[in-house]
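# Residue-level structure breakdown
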Amino acid sequence: MTGDRTESPAANGARIEISDLAVSLGGVEILENVSVTAEPGEFVGLVGPNGAGKTTLLRAISGAVSPTRGTVTIDGTDLHDRSSKAASRLVAVVPQDTTLSFSFDVRTVVEMGRYPHRSRFSPPTEDDRTHVERALERTRTAEFADRPIDEVSGGERQRVVLARAIAQDTPVLLLDEPTASLDVNHQIETLELVRDLVEDGTTVVAAIHDLNLAARYCDRLVALADGSVLEAGPPESVLTAKTLESAFDVTATVMENPATGTPAVTALRETEREPLPERVHVVGNGSTAANVVSRLVTADIECTVGPVSSGDVAAEVARQHGLETLEVEPFAALSAADRSSVRRHLEAADVTVAADLEVGAGNQLLLEDLAETPSLVVVDSRPFAERNHAGDRARTLYERCRQSARIASVGGILEAIDEVDDGFGSPLETGGESSEGEPEDVEPPDAESTDD
Amino acid sequence: MSNRGRIVSWSLGLSVLLVAVVVASAALGPVRIDPVTVSKAMANLAGAGTYDVPATHQTIVADVRLPRILLAATVGFALAAAGTVMQGFFRNPLADPSIIGVSSGAAVGAVAAIAFPALVPIGSIHLPAFVGAIATAFLVYAIATEGGRTPVATLLLAGVAVQAFLGAVISYMLVHSGESLREAVVWMMGHLHRSNWADVGFALPVTLVGVLVLGAYTREMNVLLLGEEDAQHLGVNVERTKLLLLAIASIVTAAGVAVAGIIGFVGLVVPHMMRLIVGPDHRILLPTSALAGASFLVVADTVARVGAFGIPIVPVGIVTAFVGAPFFLYLLTSREVHAL
């Protein structure tokens, strides 16, 4: 298979050099500070979550998008400085989805790969025919070469497009998710074929979704996240739990695959864990409570609020968002009806947040209810002493609430309610949290709470 | 390659059909002339012999019928070829040769020349029609081009908008055209009844050269069907090729429309029909569509001219629409027209 390839340009792969690349599409920066090289005859895999910029990077290499900054060169020349035909004698592309909704037969589609090698008026040469036939055979598409392309399956179609790229016979081959719609068997077969091309000297850059396959077949991996390179190097140095967590937001274990000796990745679960709780009740006052409410609403969590004094900024924000809010007169005693209403809210909520709660003679009974709430998060931005108008008894009650609650800052509110909701909201953890729960028994909450 | 064989045999077959249709058409008319005599008269005309043909028959064939028949063939050839290119270009089976406003532009030029001869003192209708057509195509292209790129969808919409605008201009001119209203309307319906050799001398060379150039770009048309980004990856200079295809197809259409008015459905239905028969590969689709379009319009014009099947003599555009529209509906309902 390799012996007669010496005359073909693919026999000596080209060097791809990308330095300090930035690409914006429609004003949005898709890639920034990307520097990647691929040596001749190297198989470089691009991994990363959806939207990380893998496809855009491939398109930048193929010249389909122009860099806003930085350069992409192939064998030292910018593709844009070459003629269309010369460029496509250098780089072949297998896009993620090709619209082949018309009835060319498979062979005709593969023949189109020879377009850059042919001159306008001459019939196809022996060389053209050989390349087409070989591409059909190598991709095992020869068996249905005469069928219309719109009548073959999605996986077969993907192999046809790969065959077209192979017929193009270029030193560089770019593949965007070449195994995406293939079954396991054909995934392996396709990547084995690509590996063969690499052994023949082709330089390959491929976006590959499946990390294990990427690890198994690529010489080097480039992990992309949010449009920049997170890590690049041999698979075993890129596929680490740490890189995976920052790229994909997953906790994963990486072990050696006993069969192939390459890293095997097992994703455990998302760092974000369970979905956020559905319903949160917020009691509290002032900008802290308002801020908490805003963050919850932004996170698309159903929120109830109260009791909150009319005219309080928290009441204002709750009203703006159209939340179910229990408003009470400032400094007035909590009526029995209001208290039962609050209890209903507390029961209905998955998590309750007490945010800079002001305690007066009128609402200290509320603290008793809060102390019994199983999933409680307390946010203390202002010292409790400043908020306590009900003396020592209120202070003791509040302290009891704090002990069974998760203490959080406004910024960490989502994380805190998430943990509490998942049942991790034990006081043990609170104690371990050095930044927030410091002087447990030394001084009552008055002393601390300047954490924000 | 067998593909080459297919192209040659289909083209030859359709060429033979075209010659047969031309001879048959020339034999028909108020004076019936037998096909052998017609052939002899044609040979005399072509200087390929000096056969003995009655002088009246020679005159009827060579001076009366043949210019009209050849013009019909030329226009059919041009419209079907341009329609094939536009359908491929827009990847839309509903595209026709005038999709970017060529016909409307020609109509503006022609109606202006007919209705306001003082304003357009050229004494010719062809020239203002041709110029109007080309100018419109250029205008639509310029509107749709931004930053060196001409998105196909923008081109389509710009074409629709410009056509609507020109439609208003035409209506305005028609309202104020006075006695020349009928002539203007007949022009717009598509007509071949006043054809002469000068018309053929204008339209035929433009069409032949244009279609030959298009023929040299059939592989690009195929590759463009894969989508513009794929075409670029395969080495097609996409924007330059699009400009060239659009320009040549518009010139070819303009040549046909300028001499024959707006003859609908030839450029829409014929490429469709041929695509169903020979497939989407432009290397075979373009020549076969062009040849089939030529035969189709000769037959349609013969019906228009002779008044067959009890149909009175009418402008040919009525015949093509009368036959073409139902046929198109038949295609829509019975075949997979989405498969370009």
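- Chain B carries the name Cobalamin import system permease protein BtuC in an unreviewed UniProt entry, which gives Natronococcus pandeyae as its organism.
- Listed in UniProt under the heading Subcellular location (unreviewed entry), the comment for chain B reads: "Cell membrane".
- Here chain B is described in UniProt, under the heading Subunit (unreviewed entry), as follows: "The complex is composed of two ATP-binding proteins (BtuD), two transmembrane proteins (BtuC) and a solute-binding protein (BtuF)."

- Chain A goes by Cobalamin import ATP-binding protein BtuD in an unreviewed UniProt entry, where it is assigned to Natronococcus pandeyae.
- A UniProt comment under Subunit (unreviewed entry) is attached to chain A, and it reads "The complex is composed of two ATP-binding proteins (BtuD), two transmembrane proteins (BtuC) and a solute-binding protein (BtuF)."
- Per its UniProt entry, chain A bears the Catalytic activity (unreviewed entry) comment "an R-cob(III)alamin(out) + ATP + H2O = an R-cob(III)alamin(in) + ADP + phosphate + H(+)".

### Comments concerning the overall build of chain A
- Helix and strand counts for chain A stand at 17 helices and 18 strands.
- Counting across all 452 residues of chain A, residues that qualify as buried make up 52%.
- A fraction of 67% describes how many contacts in chain A between residues 6 or more apart in sequence connect residues 24 or more apart.
- When the accessible surface of chain A is totalled, it reaches about 19600 Å², and 48% of it is carbon and sulfur.

### Regarding the interface of chain B and chain A
- Listed by partner, the interface residues are 24 residues for chain B and 33 residues for chain A.
- For the pair chain B and chain A, the summed buried area comes to about 2500 Å², and 53% of that belongs to carbon and sulfur atoms.
- The largest contributions to the chain B side of the interface with chain A come from B:Arg219, B:His233 and B:Leu234, which together make up 28% of the buried area.
- Inspection of the region where chain B meets chain A yields 3 salt bridges.
- We note a salt bridge from B:Asp230 to A:Arg164, for which the minimum N-O separation is 3.1 Å.

### With respect to the packing of helix 12 (residues 336-348) of chain A against helix 13 (residues 364-371) of chain A
Residues and elements named next belong to chain A.
- Two elements in contact, helix 12 and helix 13, have axes whose closest approach is 11 Å; the angle formed by their N-to-C orientations is 25 degrees. On the basis of the axis angle, helix 12 is roughly parallel to helix 13. When the axes of helix 12 and helix 13 are compared, the crossing they make is right-handed. Of helix 13, the residues touching helix 12 (which contributes Arg339, Val342, Arg343 and Leu346) are Leu365, Leu366, Glu368, Asp369 and Leu370.

### Describing the environment of A:Pro383
- For A:Pro383, the location among the structural elements is in the loop between strand 17 (376-379) and helix 14 (384-387).
- For the pair A:Pro383 and A:Asp356, spaced 27 residues apart in the sequence, the C-alpha separation amounts to 8.5 Å.

### Some points on the packing of helix 4 (residues 102-115) of chain B against helix 6 (residues 152-175) of chain B
Residues and elements named next belong to chain B.
- The N-to-C vectors of helix 4 and helix 6 enclose an angle of 15 degrees; their axes lie 9 Å apart at closest approach. Considering their axes alone, helix 4 and helix 6 lie roughly parallel with respect to each other. Here helix 4 and helix 6 pass one another in a crossing that is left-handed. Here helix 4 contributes Ser104, Gly105, Ala107, Val108, Val111, Ala112 and Ala115 to the contact with helix 6, which in turn contributes Gln163, Leu166, Val169, Ile170, Met173 and Leu174.
- The residue makeup of the contact of helix 4 with helix 6, split by class, is 10 nonpolar, 3 polar and no charged.

### A word on helix 6 (residues 184-199) of chain A
All names here are of chain A.
- Here helix 6 is 16 residues long and its end C-alpha atoms lie 22 Å apart, about the 22 Å a rise of 1.5 Å per residue gives.
- Every buried residue belonging to helix 6 is among His186, Gln187, Thr190, Leu191, Leu193, Val194, Arg195, Leu197 and Val198, and all of these are buried.
- Against strand 3 (43-47), helix 4 (126-138), helix 5 (154-168), strand 7 (172-176), strand 8 (203-207) and helix 7 (211-217) lie the buried residues of helix 6.

### Notes on the UniProt feature "transmembrane region" (unreviewed entry) in chain B
- The positions UniProt marks with the feature "transmembrane region" (unreviewed entry) are residues 69-90, 99-119, 125-143, 155-175, 195-217, 243-270, 282-300 and 307-332 of chain B.
- Measuring from the first to the last C-alpha atom of residues 243-270 of chain B gives 24 Å, for a span that is 82% helix and 0% strand.

### Thoughts on the environment of B:Ala300
Residues and elements named next belong to chain B.
- On the secondary structure map, Ala300 appears in helix 13 (residues 282-306).
- For the pair formed by Ala300 and Gly123, sequence separation is 177 residues and the distance between their alpha carbons is 29 Å.
- Leaving out residues up to four positions away in the same chain, Ala300 has contacts with Val316, Val319 and Thr320.

### Details of the pattern of salt bridges
Residue and element names in this part refer to chain B.
- Going through the model one piece at a time under the given rule, you end up with 33 salt bridges over all chains.
- The shortest N-O distance in the salt bridge between Asp301 and Arg68 comes to 2.8 Å. Taken together, the residues Asp301 in helix 13 and Arg68 in helix 3 (residues 55-89) connect sequence positions 233 residues apart. No difference in accessibility class separates Asp301 from Arg68, as the two residues are buried.
- Look at the salt bridges and you will find they share partners, linking Arg91, Arg149, Glu228, Glu239 and Lys242 into a network.

### Thoughts on the confidence of the model for chain A
All names here are of chain A.
- Across chain A, the average pLDDT comes to 81, with 87% of residues at or above 70.
- By mean pLDDT, the top-scoring element of chain A is strand 8 (95), and the lowest-scoring one is helix 17 (residues 427-432) (38).
- In this model residues 1-7 is a low-confidence stretch, pLDDT under 50, and it forms 12 contacts with partners more than four residues away in sequence or in other chains.
- Contacts for the low-pLDDT stretch residues 424-452, under 50 throughout, to residues beyond four places or in other chains number 45 contacts.

### Examining the packing of aromatic side chains
Residues and elements named next belong to chain B.
- Considering all chains together, one arrives at 4 aromatic pairs over all chains under this definition.
- Centre to centre, the rings of Phe89 and Phe90 are 5.0 Å apart; their planes meet at 65 degrees, and the pair counts as edge-to-face.
- For Phe89, a relative accessible area of 6% puts it in the buried group.
- Relative accessible area serves as the criterion here: at 7%, Phe90 is assigned to the buried category.
- Considering the side-chain rings of Phe327 and Tyr330, the 6.0 Å spacing of their centres and the 35 degrees angle between planes classify their relative orientation as tilted. Taken as a pair, Phe327 and Tyr330 lie in helix 14 (residues 316-334) at a separation of 3 residues, close to a single helical turn.
- Residue class for Phe327 comes out partly exposed when judged on its relative accessible area of 26%.

### Here's the deal with the pairing of strand 15 (residues 324-328) of chain A
- The pairing of strand 14 (residues 302-309) of chain A with strand 15 of chain A spans 4 bridges and is parallel. When the sheet's bridge partners are listed, A:Thr304 is paired in strand 15 of chain A with A:Glu324.

### Regarding the environment of A:Asp128
All names here are of chain A.
- With respect to the secondary-structure elements, Asp128 resides in helix 4.
- Exposure remark for Asp128: the relative accessible area of 5% places this residue in the buried category.
- With 10 residues separating them in the primary sequence, Asp128 and Arg118 have C-alpha atoms 8.2 Å apart.
- Among residues more than four places away in sequence, those in contact with Asp128 are Arg114, His117 and Arg118.

### What to know about a nonpolar patch on the surface
Residues and elements named next belong to chain B.
- A cluster of nonpolar side chains, namely Trp10, Leu276 and Ile277, defines an oily patch on the protein surface of about 250 Å² accessible area.
- As for its placement among the helices and strands, Trp10 is situated in helix 1 (residues 2-27).
- Residue Trp10 is classed as partly exposed on the basis of its relative accessible area of 32%.

### A short note on the nonpolar core
- By size, the foremost hydrophobic cluster in this structure holds 156 residues, and its most contacted members are A:Phe43, A:Val110, B:Phe90, B:Ile100, B:Leu155 and B:Trp187.
- With near-sequence residues (within four places) excluded, B:Trp187 lies in contact with B:Ala106, B:Ala107, B:Ala110, B:Ile114, B:Ile125, B:Ala129, B:Val257, B:Ala258, B:Ala260, B:Gly261 and B:Ile262.
- Counting residues in hydrophobic clusters, the runner-up holds 30 residues, among them A:Ile16, A:Val34, A:Ala52 and A:Leu57.

### Some points on the pairing of strand 6 (residues 91-94) of chain A
Residues and elements named next belong to chain A.
- Of the two faces of strand 6, the one lined by Val91 and Val93 and the one lined by Ala92 and Val94 are each fully buried.
- As paired elements, strand 6 and strand 7 share 4 bridges and run parallel to each other. Across the sheet, residue Val93 finds its bridge partner in strand 7, namely Leu174.

Parameters and conventions
- Residues numbered from 1 in each chain as written.
- Chains lettered and ligands numbered in written order.
- Predicted model: local features only at pLDDT ≥ 70, side-chain atom pairs only at ≥ 80, totals over all residues.
- Heavy atoms only, no water.
- UniProt positions renumbered as here; feature names shortened; annotations may be inferred.
- Helix = DSSP H or I, 4+ residues; strand = E, 2+ residues; numbered from the N terminus.
- Buried < 20%, exposed > 50% of the residue type's maximum accessible area, 1.4 Å probe, protein only.
- Contact = heavy atoms within 4.5 Å.
- Areas by Shrake-Rupley, 256 points an atom, 1.4 Å probe, with all protein chains shown as cover.
- Buried area = accessible area lost by both parts, 1.4 Å probe.
- Salt bridge = Lys/Arg side-chain N within 4 Å of Asp/Glu carboxyl O.
- Axes fitted to C-alpha atoms, helices over the stretch in contact; angles between N-to-C directions.
- Parallel < 35°, antiparallel > 145°, perpendicular 65-115°, else oblique.
- Left-handed = near helix turned anticlockwise from the far one by under 90°.
- Nonpolar A, V, L, I, M, F, W, Y, C, P; charged D, E, K, R; others polar.
- Expected span 1.5 Å × (residues − 1).
- pLDDT = per-residue confidence, 0-100.
- Phe/Tyr/Trp six-rings, centres within 6.5 Å; stacked < 30°, edge-to-face > 60°.
- Pairing = 2+ DSSP bridges.
- Patch = residues over 30% accessible without salt bridge, like charges linked within 9 Å, V, L, I, M, F, W, Y side chains within 5 Å.
- Core = buried A, V, L, I, M, F, W, Y, C linked by side-chain atoms within 4.5 Å.

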